[in-house]
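Chain residues, written in single-letter form:
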Amino acid sequence: MFFAPFISKPDSVSQIMLRVLLALIPGIVLYVWHFGPAILVSITLASITALATEAAMLKLRGSPVTPFIKDNSALLTAWLLALSIPPLAPWWMVVTGTAFAISISKHLYGGLGNNPFNPAMIGYAVLIISFPVPMTQWLTPHGLGSVELNLLDQLHFIFSGALPPGVSLDAITMATPLDTLKTQLHLDRPMQEIMDMPIYGRLAGQGSEAVALGFLAGGLFLLLNRIISWHIPVFYLGSLFAIAGVFHLIDPAHYAPPMFHWFSGAAMIGALFILTDPITSPTTTKGKFIFAACAGLITYLIRTFGGFPDGLAFSTLLMNICVPLIDAYTQPKIFGKKGKQP
Amino acid sequence: MKKLFKFHGGVHPPTNKTQSNERPIAQAALPSKLIVPLHQHAGNTAQPVVEVGQRVLKGQTLGKPDGRLSSTVHAPTSGTVTAIDMQPVAHPSGLPYLCITLIPDGLDEWVPREQHDWKTMSHSELRHLLRDMGVVGLGGAVFPSDMKLYSHKHKITPLVLNGAECEPYITCDDRLMRERAAEILQGAEIMRALLYADEVMVGIEDNKPEAIAAMRAAVAAGSHERMEIVAVPTVYPGGGAKQLIRVLTGIEVAAGVRSTDLGVQCFNVGTAYSTWRAIAHGEPLISRIVTVTGHVGEPQNFEVPFGTPIAELVAQAGSLPETSGYIMGGPMMGFPLPTVDAGVIKATNCIIAMSDTLFPVAPPALPCIRCTRCADVCPAELQPQELYWFAKSKNFGKAQAYHLFDCIECGACSYVCPSHIPLVQYYQFAKSEIHQREQDKQAADRARERHEYREFRIEREKREKAERLAAKEKAAQEKAVTVDKAIEPAIAATNPDADPESTMQFKIQAAIDHAKEQAAAIKPKNTENLSPEQLAEITEIEVRRARIRELAQSNVDQPKE
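Residues numbered from 1 in each chain as written. Chains lettered and ligands numbered in written order. Predicted model: local features only at pLDDT ≥ 70, side-chain atom pairs only at ≥ 80, totals over all residues.

1. Points about the overall build of chain B
Consideration 1: Across its full length, chain B carries 16 helices and 17 strands.
Consideration 2: Taken along its principal axes, the extent of the C-alpha atoms in chain B is 115 × 70 × 50 Å.
Consideration 3: Going through the 561 residues of chain B one by one, you find that 44% of them count as buried.
Consideration 4: A fraction of 74% describes how many contacts in chain B between residues 6 or more apart in sequence connect residues 24 or more apart. (Helix = DSSP H or I, 4+ residues; strand = E, 2+ residues; numbered from the N terminus. Buried ≥ 20, exposed ≤ 12 C-beta atoms within 10 Å, placed from the backbone. Contact = placed C-beta atoms within 7 Å.)

2. Section: the overall build of chain A
Consideration 1: Within chain A, the secondary structure is distributed over 16 helices and two strands.
Consideration 2: For chain A, the C-alpha radius of gyration of 21 Å lies close to 20 Å, the compact-globule estimate for 342 residues.
Consideration 3: Each principal axis of the C-alpha distribution contributes one length, and for chain A these read about 70 × 50 × 30 Å.
Consideration 4: In chain A, buried positions account for 51% of the 342 residues.
Consideration 5: Intrachain contacts of chain A at a sequence separation of at least 6 include 76% that bridge at least 24 residues. (Rg over C-alpha atoms; globule rule 2.2 N^0.38 Å.)

3. Re the packing of helix α15 (residues 285-305) of chain A against helix α16 (residues 312-329) of chain A
All names here are of chain A.
Consideration 1: Closest axis-to-axis distance for the α15/α16 pair is 9 Å, and the angle between their directions is 155 degrees. Judged on the interaxial angle alone, α16 and α15 are roughly antiparallel. Between α15 and α16 lies a crossing whose hand is right-handed. For the pair α15 and α16, contact is made by Gly 287, Ile 290, Phe 291, Cys 294, Ala 295, Ile 298, Thr 299 and Ile 302 and by Leu 312, Phe 314, Ser 315, Thr 316, Leu 318, Met 319, Val 323, Ile 326 and Asp 327, respectively.
Consideration 2: Here the residues of the contact of α15 with α16 are counted per class, giving twelve nonpolar, four polar and one charged. (Axes fitted to C-alpha atoms, helices over the stretch in contact; angles between N-to-C directions. Parallel < 35°, antiparallel > 145°, perpendicular 65-115°, else oblique. Left-handed = near helix turned anticlockwise from the far one by under 90°. Nonpolar A, V, L, I, M, F, W, Y, C, P; charged D, E, K, R; others polar.)

4. Focus on helix α7 (residues 241-249) of chain B
Along an α-helix, a turn takes 3.6 residues, which lines up residues three or four apart on a common side.
Residues and elements named next belong to chain B.
Consideration 1: Along α7, nine of the nine residues are buried, which leaves the element largely enclosed by surrounding structure.
Consideration 2: Along α7, the positions that sit buried rather than exposed are Ala 241, Lys 242, Gln 243, Leu 244, Ile 245, Arg 246, Val 247, Leu 248 and Thr 249.
Consideration 3: On the buried face of α7, the contacting elements are β9 (158-162), β10 (199-205), β11 (227-232) and β12 (265-268).
Consideration 4: Downstream of α7 by one or two residues, Gly 250 has phi in the positive range, about 85 degrees.

5. Notes on unusual backbone geometry
Consideration 1: A cis amide bond links Ala 4 of chain A with the next residue in sequence, Pro 5 of chain A, at an omega value of -10 degrees.
Consideration 2: Here Pro 5 of chain A shows up in the segment before α1 (13-35).
Consideration 3: The step from Tyr 236 of chain B to Pro 237 of chain B runs through a cis peptide bond, and the omega angle for that step is 0 degrees.
Consideration 4: Following the sequence through the fold, Pro 237 of chain B ends up in the loop between β11 and α7.
Consideration 5: Although it is not a glycine, Glu 165 of chain B sits at a positive phi angle of roughly 45 degrees.
Consideration 6: In this fold, Glu 165 of chain B is placed in the loop between β9 and α4 (172-179).
Consideration 7: A positive phi angle is found at Glu 381 of chain B, which is not glycine, with a value near 60 degrees.

6. What to know about the packing of helix α6 (residues 119-130) of chain A against α16 of chain A
Residues and elements named next belong to chain A.
Consideration 1: Two elements in contact, α6 and α16, have axes separated by 9 Å at closest approach and are oriented at 125 degrees. The angle between α6 and α16 places the two elements in the oblique class. As α6 runs across α16, the sense of the crossing is left-handed. Facing α6, whose interface residues are Met 121, Ile 122, Tyr 124 and Ala 125, α16 presents Ala 313, Phe 314, Thr 316 and Leu 317.
Consideration 2: Considered class by class, the residues forming the contact of α6 with α16 number seven nonpolar, one polar and no charged.

7. Examining the environment of Ser 63 of chain A
Consideration 1: Note on placement: Ser 63 of chain A falls in the loop between α2 (38-61) and α3 (65-69).
Consideration 2: Put simply, Ser 63 of chain A and Ala 204 of chain A are 141 residues apart on the chain and 46 Å apart in space, counted from C-alpha to C-alpha.

8. Describing the sheet that holds strand β6 (residues 73-74) of chain B
Residue and element names in this part refer to chain B.
Consideration 1: Ordered by their spatial adjacency, three strands build an open sheet running β3-β5-β6, and the pairing between neighbours is antiparallel. Single-partner strands in this sheet number two, and they are β3 (47-48) and β6.
Consideration 2: Inspection of the sheet shows β3 paired to strand β5 (residues 61-64) by two bridges, in the antiparallel sense. Residue pairing across strands places Gln 47 opposite Lys 64, the latter belonging to β5. (Pairing = 2+ DSSP bridges.)

9. Overview of the pairing of strand β14 (residues 300-305) of chain B
Residues and elements named next belong to chain B.
Consideration 1: Along β14, five of the six residues are buried, which leaves the element largely enclosed by surrounding structure.
Consideration 2: Sheet topology note: the strand β1 (residues 26-27)/β14 ladder contains two bridges and is parallel. Opposite Gln 27, over in β14, you have Glu 303 as the bridge partner.
Consideration 3: Hairpin remark: strand β13 (residues 287-294) followed by β14, antiparallel, with five residues in the connecting loop.

10. Observations concerning helix α2 (residues 123-132) of chain B
Residue and element names in this part refer to chain B.
Consideration 1: Within the span of α2, buried status applies to Leu 126, Leu 129, Leu 130 and Arg 131.
Consideration 2: Lining the buried residues of α2 we find α3 (145-148), α5 (181-195) and α8 (269-280).
Consideration 3: Downstream of α2 by a residue or two, Gly 134 has a phi angle that is positive, lying close to 65 degrees.

11. A closer look at the sheet that holds β14 of chain B
All names here are of chain B.
Consideration 1: One open sheet accounts for six strands, arranged β1-β14-β13-β17-β15-β16; its pairing is mixed. Each edge of the sheet is formed by a strand with only one pairing partner; in this case those strands are β1 and β16 (335-336).
Consideration 2: With four bridges connecting them, strand β15 (residues 325-328) and strand β17 (residues 350-354) associate as antiparallel partners. By the bridge assignment, Ile 327 is partnered in β17 with Ile 352.
Consideration 3: α4 rests against β13, β14 and β17 of the sheet, and its axis sits at about 125 degrees to β13.

12. Quick look at the environment of Gln 186 of chain B
All names here are of chain B.
Consideration 1: Within the secondary structure, Gln 186 is located in helix α5.
Consideration 2: Considering only alpha carbons, one finds Gln 186 and Ser 124, 62 residues apart in sequence, at a separation of 19 Å.
Consideration 3: Ignoring anything within four residues of it in the chain, the contact list for Gln 186 reads Trp 276 and Ala 280.

13. Observations concerning the pairing of β5 of chain B
Consideration 1: The pairing of β5 of chain B with β6 of chain B spans two bridges and is antiparallel. Looking across to β6 of chain B, one finds that Thr 61 of chain B is bridged to His 74 of chain B.

14. What to know about the confidence of the model for chain B
Residue and element names in this part refer to chain B.
Consideration 1: Per-residue confidence for chain B gives a mean pLDDT of 89; residues scoring 70 or more make up 92%.
Consideration 2: Predicted confidence for residues 556-561 stays below pLDDT 50, and this span has zero contacts to residues more than four positions away or in other chains.
Consideration 3: Confidence estimates for the predicted assembly give a pTM of 0.83 and an ipTM of 0.90. (pLDDT = per-residue confidence, 0-100.)

Laid out in structure tokens, this is it:
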């Protein structure tokens, strides 16, 4: 027997997740263009690990495997995690991080729809706390490094940790633009001089700014398809812009301009793909404002005054904890009970 | 151009109206038998006033209203009453209700019809007439119209006529407005007079241009004043009374608030039409327009006498093989008919024959991902994802705090849910559980009060008896003292063993025995002279107890895992 409504809009969870995956592709293409194909290796590794862990956990939990495997949510977690860690990270790191994200932070909380924390960000947090050194070895973009590895060399390094003879790790990797900025500021170099370093481009880091633009394009696709609402990206980027702007105006020699923050690190992918995860973000408009604005503030504070290279993951997780509370206190007024009638 | 308001959310399902709205309304053939339920309206079941074997005329009263909130039921044609018994009816529960089975004699012979000029009648007369004619709201709620046609002390500014018909597939109001616009407006004039309303607004969704044109032409032809036909945007559930009132007037009628309190009243166009027929032509409500559509040969609208078995009605539109079931109402809010033998009732606006291609079974539900598409479309501006969460976890207090009872069950949330969760069913479940608990609590409260009063009464009686006894004793003693003094020698002579102590003992014993006897005599009175309802209630309670005992027993029997 089935019940009203007897018709439904042709849409599904797996379609939604699939469109989010598609929206990541422009960013990934630009990633490969600027940093080589290594990222595809870690995406593949993460995807396989995610699907295997998902299937195993579903089996263990006694849930039907097929409908849940097809929902594409595990793949999305895998892609987001792979995109947040250095592409040359050893294979076991990708596997550990993904397996942890899917099993502990998703399925132990009840699986799809029940995880309070963004699984990809949990995976990232576990990796950066456990293996801080490889998590800072980012690939040097095309044209900046003295040596460039081909795909085979990269694969070899990911799986065995061995580099071709005569190549040192420092030659092919570097700190992120955010990290470099922090180190250079500590050395008391003025902002203008730092920004003239070859690793910086027009907006932020050479190469990485293009990837961020790719994610922005993908995010706009999601907005147009109404997969995400504009609230969280706008409030997050707005708050990040505002606080960065204030500091930059007060002391431009020591604080990077707001646009630098927008296109550095994980701000774009975070604003459009990670904070917007519906499961771990508030449902009310007011709630989304509080959530995203606070996340923007925390991101800036961690980036500028904290010890970690980027603040997106921790600001996301910190705000994830607050979601139930935010939702409970931001319930909107309902039809006929708003207290005003014409 | 009139300024229209918006309501939050809404969805745009495929309208599927052209299948049935191209053909004119056809008169449905008289069926072999009519099964007329006596409960076709909101409120109490009508009481049958005919007998088995009796010949009745078309329009003759079959059932009289029982109490204030009830309505009259009439014979849809002339014929013989063959049964008055419980039959399955067109209701989601599938439970049987009291029905009158009528075998038509084919003569279709009317009772004498009295035509009235409503302008010469008092409002009270008009309301009584509407009640006697069985006029109820034809938009779906079947609420007795006479009860809605009071404005009390409130000033009704606009009378809203609902011709929006926002549910997909349904076209009965569309065809009615195209074909009988003048009479709808005449009915609206009667309603306007009864409500002292200034203005009449007819809201019609803009996907029905023919109906809008016909109604506008009728307004001009009938020179109706302060009456406006308003094209409203096509968005489901724009035809819900609350939503249409909002769109036309900007007023939001919250749950539990009477629209008249806010100065507005709303009727379906079909109700206005029936009001006119009842008063001007003396025709009681014995038929209505029903859309038969979906998986049938010739989808169209029929004027159907109530009681026509649904199977016989569908056959007239051409039944097709591989029909998987029937929906009464629209695909958004209708319900699957438990049986096709049931008769068409006043609430039957549409019958949709289902097939697997037209209505594919939804894929299994996945967990909620809190995407809030449901909240985006909810016309009551609720947070359906939260309500779902609370209903699922049986956290009914929270569900109520999140305004569960403001949900109008329009189904827009379920329609857009990418996880295909049957949200409305969760809300219905929560609502019925809450109602049940409330009833149980009330019953428990009543029982407790009764028990406490009984305790108090027994205590009081005991005290009063003791007081009476003491008083009597005292009086007797005083008397005995005087008597004893006089006859002491005599007593001593006749009863040498008698001592004052033992006579006292005897007297006390006798008093106690007497009290006990009285108590024994009082006890059974509690269960005597019970009304049949009380007896039924007791039996029900006994059955429930037995079931609980059984359950408890089986729980005990089951080995602990």
